[in-house]
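The residues making up each chain are set out below.
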Amino acid sequence: MSEQVKISKTCTKCNIEKPLVEFNKQTASPDGYKNYCKDCFREINKVLYGRNKKKIIKRILSKRKELKKEIKREQKQLKLEQKKQVELESQKILENI
Ligand SMILES: [Zn+2]
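Model, not experiment: these values are computed from the prediction. (Residues numbered from 1 in each chain as written. Predicted model: local features only at pLDDT ≥ 70, side-chain atom pairs only at ≥ 80, totals over all residues.)

Caption draft 1: Region of the structure containing the overall build of the protein chain. Across its full length, the protein chain holds one helix and four strands. When its helices and strands are written in sequence order, the protein chain yields β-β-β-β-α. For 97 residues, the compact-globule formula gives about 13 Å, and the C-alpha radius of gyration of the protein chain, at 33 Å, lies well above that figure. Taken along its principal axes, the extent of the C-alpha atoms in the protein chain is 115 × 20 × 15 Å. Each of the 97 residues in the protein chain was classed as buried or not, and the buried ones make up 2%. Long-range contacts, defined here as pairs at least 24 residues apart, represent 19% of the contacts in the protein chain between residues at least 6 apart. (Helix = DSSP H or I, 4+ residues; strand = E, 2+ residues; numbered from the N terminus. Rg over C-alpha atoms; globule rule 2.2 N^0.38 Å. Buried ≥ 20, exposed ≤ 12 C-beta atoms within 10 Å, placed from the backbone. Contact = placed C-beta atoms within 7 Å.)

Okay, here's the thing in structure tokens:
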């Protein structure tokens, strides 16, 4: 009994029947190939990468914002302390007059 060897497969994403060379291998799959063709995978990867890129940029931007806020807070704190210090010093001077 000769089993017919599959040489093509229909991509479940674009529904186009393509030769197996157009599919990436996947050992976990029953026929040894992925369900999406290489073209569709490329598309998916592009979308995923684009999404990740946006996410990464967003994360960097929000971190930068946080850092800026923190710096501002510290500067404010520093100014406040300096002001206090100056007041204390001037009070001391006034007391000694
Ligand atoms: Zn496809």
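Okay, back to it.
Caption draft 2: Up close: the environment of V21. Position of V21 among the secondary structure elements: in the loop between β2 (17-19) and β3 (23-25). With 9 C-beta atoms packed within 10 Å, V21 lands in the exposed category. Sequence separation between V21 and C37 is 16 residues; the distance between their C-alpha atoms is 9.0 Å.

Caption draft 3: Local environment of the confidence of the model for the protein chain. Confidence in the prediction for the protein chain averages 90 pLDDT; 96% of positions are at 70 or higher. Here helix α1 (residues 38-96) stands out as the least confident element of the protein chain, with mean pLDDT 91; β2 is the most confident, with 96. (pLDDT = per-residue confidence, 0-100.)

Caption draft 4: Region of the structure containing α1. Taking 1.5 Å of rise per residue, the 59 residues of α1 would be expected to cover 87 Å, and the 85 Å separating its terminal C-alpha atoms lies within 8% of that figure. Buried residues are scarce in α1, accounting for zero of its 59 residues. (Expected span 1.5 Å × (residues − 1).)

Caption draft 5: Structural context of unusual backbone geometry. Positive phi outside glycine occurs at N15, with the angle close to 60°. With respect to the secondary-structure elements, N15 resides in the loop between β1 (8-10) and β2. You can call N15 exposed: it has 7 C-beta atoms within 10 Å.

Caption draft 6: Molecular detail of the environment of I71. In this structure, I71 sits in helix α1. The exposure class assigned to I71 is exposed, which follows from the 10 C-beta atoms found within 10 Å.

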